Amino acid sequence: HAIIKSMTPAIILGLCVLAPAILAFILRVNAAILFMSLCVGEVLVIFVSNNATSYLSPLYPTGHISFSSMRLILLLLPPVLTLLLMFHSVAGKSKLVLDLIPGIATGLLLALLLVPILPAGLSVHIQSGSIWHNYYHYQTVIVVFGALSSIIFMLLGRQNGKHSRSGHGKHH
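Here we take up the overall build of the chain. Counting its regular elements, the chain contains nine helices and zero strands. Counting helices and strands in the order they occur from the N terminus, the chain gives α-α-α-α-α-α-α-α-α. Counting only residues that meet the buried cut, the chain has 35% of its 172 residues in that class. By element, 72% of the accessible surface of the chain is carried by carbon and sulfur atoms, the whole surface being about 10,200 Å².

See the structure below:
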């Protein structure tokens, strides 16, 4: 925890932004679906975190899980599951390179959603800097860019899948 606090906000934000794109690229996971799963995580944070904390605390080894920890788990669980379950779901190097666009969008959104729910000291440390204020100013652009690029990439992937299936049928 002390190591993370000593990192500059720029490094922490950079890690948040780059990690999803790099992981999606290396694991060959559809980054558009990863973006959408991060959105699902935020929905869980908004609508489930209050009840989940009280219901799951007795199952936690210490008998209590903090609200902050529960929010982090709920936010990150869908994208982590997506990375694990969709391993090697992107075929072809050209698709993989294009997939970096929604991958970067996922990272940009991750930073916006993650920083406010980090432990208080770290969150304040990042949010008090000028980099965060400049970054946060672009939240609308980040969300719209991420949503549109993800939807477009999912639709393009669907169309390509239809063409390849019908193309295979013609060769028989």
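A word on the nonpolar core. Ranked by internal contacts, the top residues of the largest apolar core, which has 29 residues, are L75, L114, L118, I126, W132 and Y135. Listing elements by their share of this core, those giving two or more residues are α2 (9-27), α3 (31-56), α4 (67-85), α6 (100-114), α7 (120-127) and α8 (130-136).

For the rest of this paragraph, the subject is the side chain of N30. Within the secondary structure layout, N30 lies in the loop between α2 and α3. Residue N30 is classed as buried on the basis of its relative accessible area, which comes to 19%. If sequence neighbours within four positions are ignored, N30 has contacts with S89, V90 and D99.

For the pair α2 and α6, interaxial distance at closest approach is 7 Å and the crossing angle is 145°. Our pair here, α2 against α6, has a crossing hand that is right-handed. Judged by residue contacts, L13, C16, V17, L18, P20, A21 and F25 of α2 engage L100, G103, I104, T106, G107, L108, L110, A111 and L114 from α6. Here the contact of α2 with α6 is composed, by residue class, of 13 nonpolar, three polar and no charged.

The next subject is unusual backbone geometry. With the exception of glycine, the majority of residues adopt a negative phi angle, and the majority of peptide bonds are in the trans configuration. For R28, which is not glycine, the phi dihedral falls at a positive 60°. With respect to the element layout, R28 can be found in the loop between α2 and α3.

The grouping of I73, L76, L77, V80, L81, L84 and L85 at the surface amounts to a nonpolar patch, some 640 Å² of accessible area in total. As for its position among the elements, L81 is in helix α4.

All right, on to the confidence of the model for the chain then. Low pLDDT marks regions whose predicted coordinates should not be analysed in detail. Looking at the chain as a whole, the pLDDT averages 83, with 80% of positions reaching at least 70. Every residue in residues 162-172 is under pLDDT 50, and counting partners more than four places away or in other chains gives zero contacts.

Turning our eyes to something else, we now look at the packing of α4 against α6. Axis separation between α4 and α6 bottoms out at 11 Å; the angle between their running directions is 165°. Taken together, α4 and α6 sit at an angle that is classed as roughly antiparallel. Crossing angle aside, the handedness with which α4 passes α6 is right-handed. Note on element contacts: α6 touches α4 through L110, L113 and L114, opposite L72, L75 and L76. Residue composition of the contact of α4 with α6, grouped by class: six nonpolar, no polar and no charged.

Taking 1.5 Å per residue as the helical rise, α3 with its 26 residues ought to reach 38 Å, whereas the 30 Å between its terminal C-alpha atoms falls clearly short. Within α3, burial applies to A31, A32, L34, F35, S37, L38, G41, V45, S49, A52 and T53. One side-chain oxygen at the N-terminal end of α3 lies 2.9 Å from the backbone nitrogen of A32; it belongs to N30.

Rules of the game
Residues numbered from 1 in each chain as written. Predicted model: local features only at pLDDT ≥ 70, side-chain atom pairs only at ≥ 80, totals over all residues. Heavy atoms only, no water. Helix = DSSP H or I, 4+ residues; strand = E, 2+ residues; numbered from the N terminus. Buried < 20%, exposed > 50% of the residue type's maximum accessible area, 1.4 Å probe, protein only. Areas by Shrake-Rupley, 256 points an atom, 1.4 Å probe, with all protein chains shown as cover. Core = buried A, V, L, I, M, F, W, Y, C linked by side-chain atoms within 4.5 Å. Contact = heavy atoms within 4.5 Å. Axes fitted to C-alpha atoms, helices over the stretch in contact; angles between N-to-C directions. Left-handed = near helix turned anticlockwise from the far one by under 90°. Nonpolar A, V, L, I, M, F, W, Y, C, P; charged D, E, K, R; others polar. Patch = residues over 30% accessible without salt bridge, like charges linked within 9 Å, V, L, I, M, F, W, Y side chains within 5 Å. Salt bridge = Lys/Arg side-chain N within 4 Å of Asp/Glu carboxyl O. pLDDT = per-residue confidence, 0-100. Parallel < 35°, antiparallel > 145°, perpendicular 65-115°, else oblique. Expected span 1.5 Å × (residues − 1). Polar contact = N/O pair within 3.5 Å; in protein donor to acceptor, adjacent residues only side chain to side chain.

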